[in-house]
Amino acid sequence: MSNWPTISVEQQQELGRLIAGNPPREIPIYDELSYQDFLYNHLIPNQPFILSPVSTSTWSASSNFRIPIPSSTVSTPNLAALRRYAHHVVPVANTLQQQFSEFERIERPLGEVLDLWERGEGNGLYVKDWHLMAEIERDGRGVEEVYEVPECLRDDWLNPPYTPDSRLPTSDEGKFYASTSTSTSTSDFRFTYLGPPLTYTPLHRDVYGSYSWSANVVGRKVWWLFPPDRLDRVKDKNGDLVFDVREIEGEGGAIEILQQEGEIIFVPSGWHHQVVNLDFCISINHNFFSSPSLTRIYDTLCTAQERVEEAISDVKDMIIDRLGSGGDAWEKEWIEEVQGLLERDAGWGWKGFWETVRKKVEMPPAKDSLSPPVEMRNKWMNDIIGKYKMRREWMYLEEVHQIVADIEISITSQNT
Ligand SMILES: O=C(O)CCC(=O)C(=O)O
């Protein structure tokens, strides 16, 4: 059943249960998806789908990282082919060791993890959030040695533009750092995951309220997807989300999907999800956003800021005590303090957010036919600019004024 020899009888039984219990798939599956259909049927309504293995069949990773098993739809991972990257220092989660609301994580050279797996050890180890593409580009090569981003997914505002034939210096490309990431390279949101059967990613929602897509190069995964209005059953008595939905009766009523080898799944913005590997899996994913989700990204940042403000409300009192509540000196200092913490906690503050928007307006990552119509994009943009100008930060964060002004100039010039 599994492509990995070193699993116990109990683990085989758990895998059998997960596979047998998996319902027929309820979400659309496409061999090809035009950008128009992606935009109107999935990005705007924020709905999941699957791209069939046709979408990854020409990827180099699909031939290099798989050892086909005769008459099986699942391959064995070609760990020898991954040795090329043995020197990469990668984040490794021990999925048998929960630490508060995460797994114990360390960084170690990929070669050491491959050694363990080849000796039949390291069962619960999961290489997560490995920035393989950034590392390849840093070494002066192109990502086509691994994959090719499907056309409909190229309007990506979080990652370097998809350029199969030019070499990009990635170190300047990504300005943002996910607070949870510990890899040596954290400049982008293009990740590779590797792990044996039953390694898993607990229930979570993606960074910044981004969308994500995830391709199974080797092996199959079970996904539990939760639309935002279906989260009640996965909360404990304190209102906190559970770590592992398998502990809950009926797995919390999620949309459950078995993703086959070669398929790409699209996870909508703000949807919680959990993932369990059914075989030894090698997968590639991107977190990304684009103009249809701008309002959600904006709202997610507002919520993150509220959380920071609540957490350090005593600092506000101290600033007022020191500077007095008359005049606006205290408020300027308070807002700057909050922004500093927000950058560390959420990965970006208003300056980072608007800089990203400016960059993508000035240098769109995808051609017009693979992006929303300009009038639509500009409306989404104007909506959030209007909202931002009502906030106190608009008054006090002067360095953001020019960035927003540049965006407005760009929007106007593209409208005319
Ligand atoms: O494949 C996994 O283990 C996790 C992937 C994931 O959560 C994501 O792509 O957002």
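Naming follows an unreviewed UniProt entry, where the chain appears as JmjC domain-containing protein of Kwoniella dejecticola CBS 10117.

## What about the sheet that holds strand β13 (residues 264-267)?
Backbone hydrogen bonds are what pair the strands of a sheet, in a parallel or an antiparallel way. If you trace the nine strands from one edge of the open sheet to the other, you get β1-β2-β13-β10-β15-β8-β7-β5-β6, paired in mixed fashion. Edge positions in the open sheet fall to β1 (29-30) and β6 (102-109), since each of these has one partner strand only. Pairing of strand β10 (residues 211-218) with strand β15 (residues 281-288) involves seven bridges; the strand directions are antiparallel. From the neighbouring strand, S212 faces β15, where its bridge partner is N287. On top of the sheet, helix α5 (residues 110-118) reaches β5 (89-99), β6 and β7 (125-130); it is set at about 110 degrees to β6, its chief contact.

## Looking at the site of the ligand
Inspection of the region around the ligand gives Y193, T201, D206, S212, S214, K221, V267, H273, V275, S283 and N285 as its neighbouring residues. Elements with a minimum of two residues in the shell around the ligand: β10, β14 (272-277) and β15. Here the residues of the shell around the ligand are counted per class, giving three nonpolar, six polar and two charged.

## Some remarks on the domain arrangement of the chain
A common measure of how large an interface is: the accessible area buried when the components associate. One can read the domain layout of the chain as domain 1 (9-289) and domain 2 (292-415). Here the C-alpha centre of domain 2 lies 29 Å away from the C-alpha centre of domain 1. Contacts between domain 1 and domain 2 engage 23 residues on the former and 20 residues on the latter. A per-element tally of the side of domain 1 that touches domain 2 places helix α2 (residues 35-43) first, with three residues. Residues belonging to the side of domain 1 that touches domain 2 are distributed by class as follows: 14 nonpolar, four polar and five charged.

## Thoughts on helix α10 (residues 329-346)
Within an α-helix, residues lying three or four positions from one another point in the same direction, as the helix has 3.6 residues per turn. The first and last C-alpha atoms of α10 sit 25 Å apart over 18 residues, in line with the 26 Å expected at 1.5 Å per residue. Of the positions making up α10, those classed as buried are W334, I335, V338, Q339, L342 and A346. Buried residues of α10 fall within an arc of 135 degrees about the axis and therefore sit on the same side. With respect to the buried face of α10, the exposed residues turned more than 90 degrees away are G340 and R344. G347, located one to two residues past α10, shows a positive phi value of around 95 degrees.

Calculation criteria
- Residues numbered from 1 in each chain as written.
- Predicted model: local features only at pLDDT ≥ 70, side-chain atom pairs only at ≥ 80, totals over all residues.
- Pairing = 2+ DSSP bridges.
- Helix = DSSP H or I, 4+ residues; strand = E, 2+ residues; numbered from the N terminus.
- Contact = placed C-beta atoms within 7 Å.
- Axes fitted to C-alpha atoms, helices over the stretch in contact; angles between N-to-C directions.
- Near = placed C-beta within 6 Å.
- Nonpolar A, V, L, I, M, F, W, Y, C, P; charged D, E, K, R; others polar.
- Domains from an automatic or database assignment.
- Expected span 1.5 Å × (residues − 1).
- Buried ≥ 20, exposed ≤ 12 C-beta atoms within 10 Å, placed from the backbone.
- Arc of directions from axis to C-beta.

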